[in-house]
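Understanding the architecture of this molecule
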Amino acid sequence: MSSTSEVTIRIAAIDDAPVLADIFTRAVLDQGPGFCTAAQTAAWASALTAERARSLIVDHATYVAECTDTVVGFATFVAPDVFHMLYVDPDHLVEGIGTALAAVIEQHAHRLGAGELRAEVSDGARIAFESFGFRHEEPHTKLLGDQTFTVTRMSKSLG
Ligand SMILES: CC(C)(COP(=O)(O)OP(=O)(O)OC[C@H]1O[C@@H](n2cnc3c(N)ncnc32)[C@H](O)[C@@H]1OP(=O)(O)O)[C@@H](O)C(=O)NCCC(=O)NCCS
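What this report covers is the structure whose coordinates are included nearby. Because the structure is predicted, anything quoted here is derived from the model rather than measured.

With that settled, consider the packing of helix α1 (residues 17-31) against helix α3 (residues 50-59). Between α1 and α3, the least distance of the axes is 8 Å, while the angle of their chain directions is 115°. By the angle class used here, α1 and α3 are roughly perpendicular. In this structure, α1 crosses over α3, and the sense of that crossing is right-handed. Residue-level contacts link Ala17, Pro18, Leu20 and Ala21 of α1 to Ala50, Ala53, Arg54 and Ile57 of α3. By residue class, the composition of the contact of α1 with α3 is seven nonpolar, no polar and one charged.

The following block contains the structure:
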């Protein structure tokens with residue numbers, strides 16, 4: 001477990017799954033309209049059900065951030081080197097929670113011997129990933145439901 005004065009990071013438990021799905025949906029509905037169409041936002045917002053969140057927790061390394069015992073964000077690492085998810089409760093944006101979660105994902109990847117971390121980053125998250133030390137590689141198109149999205153492939157060397 002690691003913590004700053006306000007944020008505690010711990011590995012996610014199965015029981016966190018519904019909260020993770022809720023944070024994901026609210027984060028996307030809050031941030032998506034800034035750079036997505038309404039149809040894209042709707043498709044993205046419905047992409048993480050509680051059942052899928054349970055799979056993230058069981059099959060991968062998922063961490064949650066807590067403020068005063070309330071889960072306010074989560075991040076997932078997919079071996080061998082993918083920073084797969086980073087979502088913060090819209091009521092707690094720009095409080096350093098994303099940065100704290102990114103640091104733990106980086107430590108996790110480093111412990112497993114990854115030479116770099118790779119991510120497919122939405123337009124709304126690029127500034128945050130740049131601040132974590134990721135650099136731009138190339139635009140990439142993803143299909144989610146019936147919607148296509150342009151994301152940016154970004155990476156960070158851990159060497
Ligand atoms: C991207 C996201 C996880 C960032 O979480 P956060 O807790 O607000 O991030 P932090 O507070 O740690 O901020 C990280 C950096 O990004 C900057 N930043 C974050 N949001 C910003 C915004 N909207 N505008 C400008 N800068 C922003 C912060 O100032 C900080 O930079 P600094 O360290 O140089 O001061 C959050 O906005 C989110 O959940 N977005 C919706 C979901 C999403 O797009 N996830 C990524 C999928 S690829």
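Anyway, onward from the coordinates.
Reported here for the largest pocket is a volume of approximately 1200 Å³. Per-element tally for the lining of the largest pocket: the top contributor is strand β5 (residues 82-88), with seven residues. Classifying every residue of the lining of the largest pocket by side-chain character gives 29 nonpolar, 10 polar and eight charged.

Before going further, it helps to spend a moment on the pattern of salt bridges. For the structure on display, the rule yields 11 salt bridges. With its nearest N and O atoms 3.1 Å apart, the salt bridge here joins Asp81 to Arg118. Of this pair, Asp81 sits in the loop between β4 (70-78) and β5 while Arg118 sits in strand β6 (residues 116-121), and the two are 37 residues apart along the sequence. Residue class for Arg118 comes out partly exposed when judged on its relative accessible area of 37%. With a shortest N-O distance of 3.6 Å, Asp123 and Arg126 are connected by a salt bridge. The partly exposed category is assigned to Asp123, whose relative accessible area is 40%.

Rules of the game
- Sequence positions are assigned chain by chain, starting from 1 and proceeding in written order.
- This being a predicted model, a pLDDT of at least 70 is required before a residue's local features are given, and a value of 80 or more before pairs of side-chain atoms are given or counted; all residues contribute to the totals for chains, interfaces and linings.
- Computation of side-chain values: all heavy atoms of the structure, hydrogens and water removed.
- Comment: axis = line fitted to C-alpha atoms, over the contacting stretch for helices; angle = value between 0 and 180 degrees taken between N-to-C directions.
- Helix numbers and strand numbers start at the N terminus; a helix is a DSSP run of H or I with at least 4 residues, a strand a run of E with at least 2.
- Should an angle fall under 35 degrees it is called roughly parallel, over 145 degrees roughly antiparallel, and 65 to 115 degrees roughly perpendicular, with every other angle called oblique.
- Left-handed describes a crossing whose near helix is turned anticlockwise from the far helix through less than a right angle; right-handed describes the clockwise counterpart.
- The criterion used for residue contact is that any of the two residues' heavy atoms lie within 4.5 Å.
- Residue polarity follows a fixed list, in which Ala, Val, Leu, Ile, Met, Phe, Trp, Tyr, Cys and Pro are nonpolar, Asp, Glu, Lys and Arg are charged, and the others, Gly among them, are polar.
- In this analysis the probe radius is 1.4 Å and the grid spacing 1 Å, with only protein atoms considered; a cavity is a set of points the probe fits into but cannot get out of, a pocket is an open set with protein on both sides within 12 Å along at least five of seven lines, and lining residues have an atom within 4 Å of a point.
- Grid points are joined across faces, edges and corners, and a volume is the space filled by probe spheres set on the points.
- In what follows, salt bridge is the name for a side-chain nitrogen of Lys or Arg lying within 4 Å of a carboxyl oxygen of Asp or Glu.
- Partly exposed residues are those whose accessible area sits between 20% and 50% of the maximum for their type, while under 20% is buried and over 50% is exposed, using a 1.4 Å probe and protein chains only.

These values are about where atoms sit, not about what they do.
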